[in-house]
Structures are given as structure tokens and as C-alpha cells.
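Listed here are the chains, written in short residue letters.
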Amino acid sequence: MSPEKHADELLARIRVHGAIPRHVAIIMDGNGRWARERLLPRPLGHRSGMQSVRAVVKGALALGVEWLSLFAFSQENWQRPATEVGALMSLLEEYIAREVDELREKGVRVRVLGDLERLTPAAAAAVDRVIRDTAHNDRLTLNLFISYGSRAEIVRAARLLARDVAEGRMSPDDIDEEAIAARLYTADCPDPDLLIRTSGELRVSNFLLWQIAYTELYISDVLWPDFGRRELYEAVLAFQGRERRFGRVSA
Ligand code: IPE
Ligand code: IPE
Ligand code: MG
């Protein structure tokens, strides 16, 4: 069976079950290992990973997922060699230039979450463009996490709260979970239902620490450039087999 046909068959099985995660988050990992296995430079692994982004966006649209969050570049990734960081920034520009029209036409709203002040001017301009050009869409929201670290996001929320208290807009007793969540980059989106990490690593690497309190985790051994629609659907089928209890007793 062709990979496309296999993917369609998995999609049909998902539909029979019915429960679709509203928000899927993915830690896209393994580009470097994918390149190394082929004796290629790491940036070529990242370039191949762009195809996987295309494929999962297509898969998410077919599923009817409302929110897709992709971890593309972490705050800690700035410590990588300048050549690799430069290649990743150029790929971000290239991805936006190539995909913006199709994303707009398919009803995808793109947002970019993270410390964007550190982006190169060209990458920042591309980011502004895709956000502006897709802002009116509402079929799928694609959250691209770039220059993002979850602890830094929580520190930022704490500072915003401290400022509100110091300037008299709020009392310390008003600080609750909602007040913190409202000051995260993800303020207006539901917590992820499903978090996928590729390349077999069993860690969260500073992604959405607050937001994944009750998220279902799925680790795929597939390296990101080999991840596609079929692998996304396999993760969703696994999700459909989970029982989410949120600390309560089973139904
Ligand atoms: C994920 O692939 C992409 C980024 C973190 C930018 P890696 O570059 O981490 O690939 P591995 O983990 O070294 O294989
Ligand atoms: C996490 O992958 C960050 C992204 C996928 C963007 P890393 O490759 O940076 O994480 P570690 O270093 O293996 O924990
Ligand atoms: Mg990695």
C-alpha cells in the first residue's frame, strides 16, 4: 500500500472513533541525526524537516485539529554553532516565503511565539508578514514556537504580574492559575491534548511546562524529517486509546 493510501486508511479509522484532539503540540526533533545517518551537514536535516512541517499541517487540516503547536527553535538552541543558527533563521524565512500563500488559502492562522527580539531582522520581517497575512483565518491556528523557552515564558508572566501588583492594578491574593495562564504566550489557546516528540527522546526540553500538566504524551522513534501524515495519525490513534482522568477515578 502506498504511504498516502495508508495515511488515508488511518484517517478513516480515526474518524470512526470520533474523538479528535483539539490541540496537538509537537517537539520536532532528530534533524541532526537524520542528516548524520546520510553523511550530510546538519542544515540539510533541518531543510528536510520542512517537508514534515508541510505534511503535519496538511494532516492537522484533514483531521480538523483546531490548534497545532510546533517547537521549531528553543531558547537554548541559540547556543548552537553560528552556522547552524544562521541556517535555521534562513530556513524560517524560506518556509514563510514558500508557504504563506497556501497557508492563507487553506484557512491557517499562523502565530509565532517566543522571544522574537533575538531574531535576525530578515527573519523578524518574515514572521511579521506571515502573522499579518493569515491573521483573519480561523480553520487551524499554527503556533510556531521560535526562540522559546518555557521557564523564560513563566518568568515573563511573573514579571507582568509583579508589575500589575506594584502599580496597584492587582492584589497578591488575586494571583491564581488563571492569572498566570493569561500572561503566557499561549493565553488564548487551550492546553495541548496531545504532545508528540519525535526521535525517541524521553524529555520535554523546556517546552510548554505549565501547559502540559494533563496532556497525553506520545514519543515516536521516527526522526523528524521522516515524520509525516501517517505518523501523525498513528499518534492520534494512540491518543484515542487513552483514558484521560485529570486526577479523578475512572468512569
Ligand atoms: C531538531 O533537530 C531541530 C532543532 C532543535 C532546531 P535537532 O537539530 O535537535 O536534531 P538532533 O536531535 O541533533 O538529531
Ligand atoms: C528541543 O530539541 C527543541 C526543538 C525541537 C526545537 P533539542 O534537540 O534542542 O533538545 P535536547 O537538547 O535534545 O533536549
Ligand atoms: Mg535534538
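Each chain has its residues counted from 1, running along the sequence as written. Going through the entries in the order they are written, you letter the chains from A and number the ligands from 1. In view of the model being predicted, local features appear only for residues whose pLDDT reaches at least 70, and side-chain atom pairs are presented and counted only at 80 or more, with totals across whole chains, interfaces and linings using the full set of residues. Heavy atoms from the whole structure form the basis of all side-chain values; hydrogens and water molecules are not counted.

Visitor: So what about the sheet that holds strand 2 (residues 67-74)? Which residues, and what values?
Guide: Pairing is parallel across the open sheet formed by six strands, whose spatial order is 3-4-2-1-5-6. Looking along the sheet, the strands with just one partner apiece sit at the ends: strand 3 (108-113) and strand 6 (216-219). Each strand of the sheet is rotated relative to its neighbour by a mean of 20°, with strand direction disregarded. Pairing between two strands is assigned when DSSP locates at least 2 bridges connecting them. Helix and strand definitions here come from DSSP, where helices need a minimum of 4 consecutive H or I residues and strands a minimum of 2 consecutive E residues; each element is numbered from the N-terminal end. Alignment of strand 5 (residues 194-197) against strand 6, held across four bridges, turns out to be parallel. Across the sheet, the residue bridging to R197 is I219, located in strand 6. Axis definition: a line fitted to C-alpha atoms, limited for helices to the stretch in contact. Angles are taken between N-to-C directions and run from 0 to 180 degrees.

Visitor: Account for the pairing of strand 4 (residues 140-148), with residues named and values stated.
Guide: Under the scheme applied here, a residue whose accessible area is under 20% of the maximum for its type counts as buried, over 50% as exposed, and between as partly exposed, the area being computed with a 1.4 Å probe on protein chains only. Counting buried residues in strand 4 gives nine out of nine residues, a clear majority hidden from the surface. Strand direction decides the pairing type here: strand 2 and strand 4, joined by seven bridges, are parallel. In the sheet register, S69 faces strand 4, and the bridge partner there is N143. Of the pairings in the sheet, the one linking strand 3 to strand 4 comprises six bridges and is parallel in character. Across the sheet, V112 pairs through a bridge with L144, a residue of strand 4.

Visitor: Hey, could you go over helix 4 (residues 82-105) for me, with residue numbers and the actual values?
Guide: Given a rise of 1.5 Å per residue, 24 residues ought to cover 34 Å, and the 35 Å separating the end C-alpha atoms of helix 4 matches this to within 8%. The set of residues buried in helix 4 consists of E84, V85, A87, L88, M89, L91, L92, Y95, I96, E99, V100 and L103. Should any heavy atoms of two residues lie within 4.5 Å, those residues are counted as being in contact. Lining the buried residues of helix 4 we find helix 3 (42-63), strand 2, strand 3, helix 5 (121-134) and strand 4. Take the residue count of a helix, subtract one, and multiply by 1.5 Å to get its expected span.

Visitor: I'd like a rundown of the pattern of salt bridges, residues and numbers included.
Guide: Salt bridge, as used here, is a side-chain nitrogen of Lys or Arg placed within 4 Å of a carboxyl oxygen of Asp or Glu. Per the stated rule, a full pass over the model turns up 30 salt bridges. The shortest N-O distance in the salt bridge between E84 and R42 comes to 2.9 Å. Separated by 42 residues along the polypeptide, E84 in helix 4 and R42 in helix 3 bring together distant segments of the chain. A residue is classified by how much of its surface remains accessible, and E84, at 7% relative accessible area, is buried. Assessed through its relative accessible area of 37%, R42 is described here as partly exposed. A salt bridge links D133 to R129; the nearest nitrogen and oxygen atoms lie 3.6 Å apart. Here D133 and its partner R129 are both found in helix 5, four residues apart, which amounts to about one turn of the helix. Assessed through its relative accessible area of 17%, D133 is described here as buried. Through salt bridges with shared partners, a single ionic network connects D29, R33, R197, E201 and R203.

Visitor: Report on the nonpolar core, specifying residues and quantitative values.
Guide: Nonpolar side chains in soluble globular proteins generally cluster together in the buried interior. Residues I26, V57, L68, L70, L142, I196 and L232 are the most contacted members of the largest nonpolar core, which totals 50 residues. Of the residues forming this core, the biggest block, nine residues, is contributed by helix 4. V57 has contacts with L68, Y95, L103, V108, L140 and L142, leaving out every residue within four places of it along the chain. The definition of a nonpolar core used throughout is a set of buried Ala, Val, Leu, Ile, Met, Phe, Trp, Tyr and Cys residues joined through side-chain atoms within 4.5 Å. Counting residues in each nonpolar core, the second largest holds ten residues, with A25, L113, F145 and L208 among its members.

Visitor: Quick rundown of the site of ligand 1? Include the residues and the values.
Guide: Surveying the vicinity of ligand 1 reveals 13 residues, the closest of which are D29, G32, R33, R42 and R80. Nitrogen and oxygen atoms within 3.5 Å of one another constitute a polar contact, given that in protein one can donate a hydrogen and the other can accept it, and given that sequence-neighbouring residues count only through two side-chain atoms. Between ligand 1 and G32, the relevant distance is 2.8 Å, taken from an oxygen atom to a main-chain nitrogen or oxygen of the residue. Any residue with an atom within 4 Å of a point lines the site, the site being either a cavity, points on a 1 Å grid over the protein atoms alone where a 1.4 Å probe fits but cannot get out, or a pocket, an open set with protein on both sides within 12 Å along at least 5 of 7 lines. Think of it this way: if more than half of a molecule's atoms are within 2 Å of a pocket's grid points, that molecule is in the pocket or cavity. Among the cavities detected, the one that contains ligand 1 is the largest pocket. Looking at the shell around ligand 1, the elements that each hand over two or more residues are helix 2 (31-37), helix 3 and helix 4. No other element matches helix 2, which puts three residues into the shell around ligand 1. When the residues that make up the shell around ligand 1 are grouped by side-chain class, the tally is three nonpolar, five polar and five charged. Note on definitions. A residue lies near a molecule or strand when any single heavy atom of the residue is within 4 Å of it. For this classification, the nonpolar set comprises Ala, Val, Leu, Ile, Met, Phe, Trp, Tyr, Cys and Pro, the charged set comprises Asp, Glu, Lys and Arg, and every other residue, Gly included, is treated as polar.

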